[in-house]
Each structure stands twice: as structure tokens, then as C-alpha cells.
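Each chain, letter by letter, is given below.
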Amino acid sequence: MKYQVTHTFPVPLDKLLHAREERYKHLDQFPDLKNVTLLEETKEGNTIRQKRKVSLEGSMPAVLSAALTDLSLLEESTFDITTNTHEFKISPPGKDNVFVIKGKSKYEANGSESKRSYDVDVVSSLLFVSPIVEKAIEEIHKHSLEKDRKSIAKFLGVES
């Protein structure tokens, strides 16, 4: 299941990119991000690689309860600072057959504002229920992206 999401911010691109990274250093100010733990971060040339653990505690769809014992996801991502492109893969640890979210986001100037655009693909290999799983994961991921948008906007001081 493929979908796209675009967020616009009323700030120049350099401010958006700064907020993208810095807010994770101030998690005490962003309760919506408390379910995210940075496990690893490396910088090699123009690439930032990160691994994050995302807790699903309290937001696990019923259709996945039987398939997952660990209520978390592992996100592996790379961010290219020359192209402002973020590629990511999110899945339950060791359970790629349940579902995988793969995507790419691009941060761009948009006149005096800036935007980030996501192209995302959710795939489940669970027999008989994969369309239900994919739809449920799409909704959860879109909600997560909206929470992320709000945290950036709050960090930028353009939204409370």
C-alpha cells in the first residue's frame, strides 16, 4: 500500500532542517516523542545513519496483537545532508513478514517557506489479513507523521 504525505512549514529550509535534528536532543519538551529512543547514530561524510526504537505501547492494532510479542518497532534510516533526503525502513524487530514500512522523504525550500514530502510503501506478508494490516499501519504511520510535524512546528515556535 503506497501513500504520500506533505507538510509545509512557515520557515526557511535551514530552520526546518535544524529543528528536524535538534528536537530529539530536547525530548523533555516533546511528550509526543517519548515513545522514540535513539539507539545509534553515526555520521559518515554527508550521511547521517540512525537506528531508533519506537514503542507501540497503547497503539497496537488488534489485528497485530497475535503476530507480535514485542510491542516496538525498529527504524533504520539515512539522511543525506547534501540532498536533504531521508530514507527509512521501519519494522517489528526480526518480524519483517508481519509488515515493513519503507519510505523516502525530501526536505525542500518552498518560496519563503519549506516543506517535507513523504513517499511511503507498507507491505505485509501475513496470510489472509495483509490488506487489513497494511491499512492499519498506514493510519498509524500517518498519525505518527502528524505528531512529528507538530513537534517540529512546536520546536520552531510556529505552533503550540
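Values in this document were obtained by computation on a predicted structure and should not be read as measured data.

**Considerations on the sheet that holds strand β5 (residues 85-91)**
Spatially, β1-β7-β6-β5-β4-β3-β2 is the arrangement adopted by the 7 strands of the open sheet, whose pairing is antiparallel. Both outer strands of the open sheet, β1 (2-9) and β2 (36-44), are each paired with one neighbouring strand and no more. Mean inter-strand twist for the sheet, computed between neighbouring axes without regard to direction, equals 15 degrees. Judged from the 7 bridges that link them, strand β4 (residues 72-80) and β5 form a sheet pairing that is antiparallel. Directly across from Glu-75, in β5, lies its bridge partner Ile-90. Across the face of the sheet, helix α1 (residues 13-22) comes into contact with β1, β2, β3 (47-55), β4, β5, β6 (100-110) and β7 (113-123) while running at roughly 145 degrees to β6. Of the strands in this sheet, β1, β5, β6 and β7 are in contact with helix α3 (residues 130-156), which crosses β1 at around 10 degrees.

**Looking at the pairing of β1**
With burial as the criterion, only one face of β1 is covered, namely that bearing Tyr-3, Val-5, His-7 and Phe-9; the residues Lys-2, Gln-4, Thr-6 and Thr-8 on the opposite face remain uncovered. In the sheet, β1 pairs with β7 via 8 bridges, with the strands oriented antiparallel. Bridging from a neighbouring strand, Tyr-3 pairs with Val-120 of β7.

**Some details on the pairing of β5**
It is a general feature of regular strands that their side chains alternate between the two faces of the sheet. With 5 of 7 residues buried, β5 is to be regarded as a mostly interior element. Linkage of β4 to β5, two consecutive antiparallel strands, is achieved through a turn of 4 residues, within which Asn-84 is found at a positive phi near 55 degrees. Relative to β6, β5 runs antiparallel, the two being bridged by 6 bridges. Paired with Thr-85 across the bridge in β6 is Lys-106.

**Quick notes on the nonpolar core**
Counting 30 residues, the largest nonpolar core has Leu-16, Phe-99, Ile-101, Tyr-107, Tyr-118 and Val-120 as its most contacted members. Looking at this core, the elements that each hand over two or more residues are β1, α1, β3, β4, β5, β6, β7 and α3. Contact partners of Val-120, with chain neighbours within four places excluded, come to Met-1, Lys-2, Tyr-3, Phe-88, Ile-101, Lys-102, Gly-103 and His-141.

**A few points about the layout of surface pockets**
Quantified by volume, the largest pocket comes out at close to 610 Å³. Around the largest pocket, the lining is made up of 31 residues, and of these Val-36, Val-54, His-141, Ser-144 and Leu-145 lie nearest the centre. By residue number, the principal contributor to the lining of the largest pocket is α3, which donates 8 residues. Among the residues making up the lining of the largest pocket, the classes are represented as 15 nonpolar, 7 polar and 9 charged. Computed from the structure, the second largest pocket encloses a volume of approximately 190 Å³. When its residues are assigned to classes, the lining of the second largest pocket shows 3 nonpolar, 2 polar and 6 charged.

**Side note on unusual backbone geometry**
Glycine aside, negative phi is the norm for most residues, and most peptide bonds take the trans geometry. A positive phi angle, near 55 degrees, is found at Asn-84, a position not held by glycine. Take Asn-84: it is sitting in the loop between β4 and β5. For Asn-84, a relative accessible area of 12% puts it in the buried group.

**Topic: the packing of aromatic side chains**
Per the counting criterion, the structure on display carries 2 aromatic pairs. Plain terms: the ring middles of Phe-79 and Tyr-107 are 5.8 Å apart, the flat faces sit at 80 degrees to each other, and that makes the pair edge-to-face. Here Phe-79, found in strand β4, pairs with Tyr-107, found in strand β6; they are 28 residues apart in sequence, far enough to count as distant. Assessed through its relative accessible area of 6%, Phe-79 is described here as buried.

Procedures and definitions
- Residues numbered from 1 in each chain as written.
- Predicted model: local features only at pLDDT ≥ 70, side-chain atom pairs only at ≥ 80, totals over all residues.
- Heavy atoms only, no water.
- Pairing = 2+ DSSP bridges.
- Helix = DSSP H or I, 4+ residues; strand = E, 2+ residues; numbered from the N terminus.
- Axes fitted to C-alpha atoms, helices over the stretch in contact; angles between N-to-C directions.
- Contact = heavy atoms within 4.5 Å.
- Buried < 20%, exposed > 50% of the residue type's maximum accessible area, 1.4 Å probe, protein only.
- Core = buried A, V, L, I, M, F, W, Y, C linked by side-chain atoms within 4.5 Å.
- 1 Å grid on protein atoms, 1.4 Å probe; cavity = no way out; pocket = protein on both sides within 12 Å on 5 of 7 lines; lining within 4 Å.
- Points joined across faces, edges and corners; volume = space filled by probe spheres on them.
- Nonpolar A, V, L, I, M, F, W, Y, C, P; charged D, E, K, R; others polar.
- Phe/Tyr/Trp six-rings, centres within 6.5 Å; stacked < 30°, edge-to-face > 60°.

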